[in-house]
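This is what each chain is made of:
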Amino acid sequence: MQKYLYLFRGGDARMATMSPEEVQAHMAEWGVWMQGLAEKGQLIDGLPLRAEGKQVSKGGKVVTDGPFAEGAEIVGGYLMVNATSLDEATELSKGCPILDADDGHIEIREISDM
Amino acid sequence: MSSPVVNNTLDHLFRHEYGKLVSLFTNRYSPHLIDKIEDAVQEALYKAAKIWSYQPMPENPSAWIYRVANNQLIDFLRKDKKKADWDDHATSELDKDAQSLELPEESTLVDDQLRMIFACCHPAMKPSEQLMLSLKLLCGLSIKEIARALLKKDEAAKKAITRAKKKFKEEVGELVVPKGDEIKSRLAEVLQVIYLLFNEGYKATEGEKLIKQDLCEEAIRLAFLLTNEPSCDKGELQSLIAMMLFKAARFPARMDENGNLLTLEHQNRSLYDEEYIKWGWKFLKESSLHEGSSVYQLEAAISAYYTTAKNYEATNWKVILGLYDSLVKLKPAPVVQMSRVVVLSKVEGPAKALKVMESIEPQIKGNQSFNALKADLYAATDDWSKARLYVQKAISESLNIAERRFLEKKLQSWIGK
């Protein structure tokens, strides 16, 4: 088993147009998808990320506000899963509700072992 | 207040949380700030949904949403304070946010919603505006959902709600439950809006079944909320609740698998919701302890007889006719007159009913359901050519597909008779 990282981007614009009822339904879809991963023992960890942040560079001398990216380019959350291959991790990701949004996308990266 | 009828589960958590929190903040700050309040609550719901997409909901999700919305709103208001022309009340409330860290008790939340019901049904607004505002602010429906539920265009619903909100900001002032003599007329208006809301949901019109049923549930929920207000005249309210419960009990049996409308006669009564019926009886009994018979009470009793008859043939038409005789005096509306005619035809035969129809026709001209009823009565007297003529008229006047489909099926079965 290998560990893979999903980086989620986009989807916020769609959410902002939803009614309370739809927001809840959207959340429930995520719940179902994550539950599926958990039941197969493939879910490790994951959380959403806030938009606020800092950028630190130049040996710590330069600190700027926030991620540089905006809108659909900003990482909105991450998830770590177990999978046998990058292909399997890719297949698994296809059930994610973020893909229902036009601008929602997932970057999948293999976490390298030491 | 708790009743098994009102859905307190996760079913509509976000929708109801919206109404609850908007009521709370509007009470605490000011109706002037309604737009900001709505934004803050909406934003808190997004945040909650985002977190809970990844991890399980906390034990008390309402408290969590409240805290986020409250912080958001206070932030919002602090920044806005200088430029906005605030009233003193809101300013002083903002200064004592220590008291507002925790979600208030259920009873306070109920009181806030009660005051909000009266505010949404403020006499400065037209009934249709009161209805839409209640749906938006108290029931947490979006403009899109309201448009869908009331079969309006998005744009039209949006305009109407904006207009109503403007009045809400200008006219409502501090949120209170009216006192003394005023409560009587105001309560009548509130009940009227709830009745309207229920009927919008109950109307057998095309549209999404689910959202229609939601309207009925919301109407019942608001009426239940009102039972918490001691100064409300209970008789009318209980009657209205009973009527809604008896009708809503039939929901599961109103359509066949293909989405075709089923009339009472063809509904599978074993599908009726027993829990609703049980509670319907309870409220009807309680309402009868109060003086006089109101329109709502007569309508509740009529629905009770219809819903609880063993089968269609066993319906007690005589008693129902008696109830309609009283109802038609209090409320001579076309729909009541026509319903009475239907019952009359059961008791005294279709020929007599057709005669009565002639006498009321001048008041109810060119009405689609009037012609459909006429067709049925002619069919019952074996006058098939007239029956076909009137059903065709009704089909041509029909406004929605379910109804038209229903009438066309009828016409087909009458061809060749």
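Residues numbered from 1 in each chain as written. Chains lettered and ligands numbered in written order. Predicted model: local features only at pLDDT ≥ 70, side-chain atom pairs only at ≥ 80, totals over all residues. Heavy atoms only, no water.

**Q** Mind showing me how you'd approach helix α6 (residues 127-138) of chain B here?
**A** In an α-helix, one turn spans 3.6 residues, which is why side chains three or four residues apart end up on the same side. Residues and elements named next belong to chain B. In this model α6 runs 15 Å from its N-terminal to its C-terminal C-alpha over 12 residues, within 8% of the 16 Å that 1.5 Å per residue would give. The buried count for α6 comes to 10 of 12 residues, which makes it a mostly enclosed element. Those residues of α6 that sit buried are E129, Q130, L131, M132, L133, S134, L135, K136, L137 and L138. (Helix = DSSP H or I, 4+ residues; strand = E, 2+ residues; numbered from the N terminus. Expected span 1.5 Å × (residues − 1). Buried < 20%, exposed > 50% of the residue type's maximum accessible area, 1.4 Å probe, protein only.)

**Q** Just to check I follow, could you spell out the interface of chain B and chain A for this structure?
**A** Contacts between the two partners involve 25 residues from chain B, matched on the other side by 23 residues from chain A. Together, the buried faces of chain B and chain A total about 1900 Å²; carbon and sulfur atoms form 60% of this surface. Together, Y46, K50 and Y54 of chain B form the three largest contributors to the area buried by chain B at its contact with chain A, with a combined 39%. Between R15 of chain B and E21 of chain A there is a salt bridge whose closest N-O contact spans 3.2 Å. Counting the contacts that link chain B with chain A gives nine residue pairs in polar contact (both at pLDDT 80 or more). Every element with two or more residues in the side of chain B that touches chain A is listed here: α1 (13-28), α2 (34-54) and α7 (143-149) of chain B. No other element matches α2 of chain B, which puts 10 residues into the side of chain B that touches chain A. Classifying every residue of the side of chain B that touches chain A by side-chain character gives 12 nonpolar, six polar and seven charged. (Contact = heavy atoms within 4.5 Å. Buried area = accessible area lost by both parts, 1.4 Å probe. Salt bridge = Lys/Arg side-chain N within 4 Å of Asp/Glu carboxyl O. Polar contact = N/O pair within 3.5 Å; in protein donor to acceptor, adjacent residues only side chain to side chain. Nonpolar A, V, L, I, M, F, W, Y, C, P; charged D, E, K, R; others polar.)

**Q** Explanation requested: the UniProt feature "domain: RNA polymerase sigma factor 70 region 4 type" (unreviewed entry) in chain B in the structure shown.
**A** Following the UniProt record, one finds the feature "domain: RNA polymerase sigma factor 70 region 4 type" (unreviewed entry) at residues 116-167 of chain B. Spanning residues 116-167 of chain B, this segment combines 73% helix with 0% strand, and its end C-alpha atoms are found 14 Å apart. (UniProt positions renumbered as here; feature names shortened; annotations may be inferred.)

**Q** Help me understand the confidence of the model for chain B, please; the structure alone is not making it clear to me.
**A** Reading fine detail from the predicted coordinates is not recommended where pLDDT is low. All names here are of chain B. On average, residues of chain B carry a pLDDT of 88, and 93% of them reach 70 or more. Note that pLDDT drops below 50 for residues 1-8; the model gives that stretch 17 contacts with residues more than four away or on any other chain. Across the whole predicted complex the pTM is 0.84, and at the interface the ipTM reaches 0.88. (pLDDT = per-residue confidence, 0-100.)

**Q** Any chance you could explain the packing of α2 of chain B against helix α8 (residues 154-171) of chain B here in plain terms?
**A** Two quantities define a packed helix pair, namely the angle between the axes and the distance from one axis to the other. Residues and elements named next belong to chain B. For the pair α2 and α8, interaxial distance at closest approach is 10 Å and the crossing angle is 115°. The segment α2 lies against α8, with I34, D35 and E38 engaging K165, F168 and K169. Residue classes in the contact of α2 with α8 are distributed as two nonpolar, no polar and four charged. (Axes fitted to C-alpha atoms, helices over the stretch in contact; angles between N-to-C directions.)

**Q** Honestly, the side chain of T307 of chain B in this entry has me stumped. Any pointers?
**A** All names here are of chain B. Looking at the element boundaries, T307 is found in helix α13 (residues 295-308). In this structure the side chain of T307 is engaged in a polar contact, spanning 3.1 Å, whose partner is the backbone oxygen of F246. One polar contact links the side chain of T307 to the main-chain carbonyl oxygen of S303, over a distance of 2.8 Å. If sequence neighbours within four positions are ignored, T307 has contacts with F246, A249, R250, R269, Y272 and I277.

**Q** Please clarify how the pattern of salt bridges should be interpreted in this entry.
**A** Pairing is possible between side chains of opposite charge, provided their charged atoms come close. All names here are of chain B. Under the counting rule described, the total for this entry stands at 26 salt bridges over all chains. In this structure, K136 engages E38 in a salt bridge whose closest nitrogen and oxygen atoms are separated by 2.7 Å. Taken together, the positions of K136 in helix α6 and E38 in helix α2 put the pair 98 residues apart, joining distant regions of the chain. By relative accessible area, E38 is classed as buried at 5%. For K278, the salt bridge is made with E275, and the minimal N-O distance between the two is 3.7 Å. One end of the pair, K278, and the other, E275, are both in helix α12 (residues 274-287), three residues apart, so they sit about a helical turn from each other.

**Q** Would you mind going over the packing of helix α17 (residues 368-380) of chain B against helix α19 (residues 401-414) of chain B with me for this structure?
**A** Residue and element names in this part refer to chain B. Running from N to C, α17 and α19 point in directions that differ by 25°, and their axes come no closer than 12 Å. By the angle class used here, α17 and α19 are roughly parallel. Classified by chirality, the crossing of α19 by α17 is left-handed. The residues of α19 that touch α17, namely those facing Q368, A372, A375, D376 and A379, are E403, L407, K410 and W414. Grouping the amino acids of the contact of α17 with α19 by side-chain chemistry returns five nonpolar, one polar and three charged. (Parallel < 35°, antiparallel > 145°, perpendicular 65-115°, else oblique. Left-handed = near helix turned anticlockwise from the far one by under 90°.)

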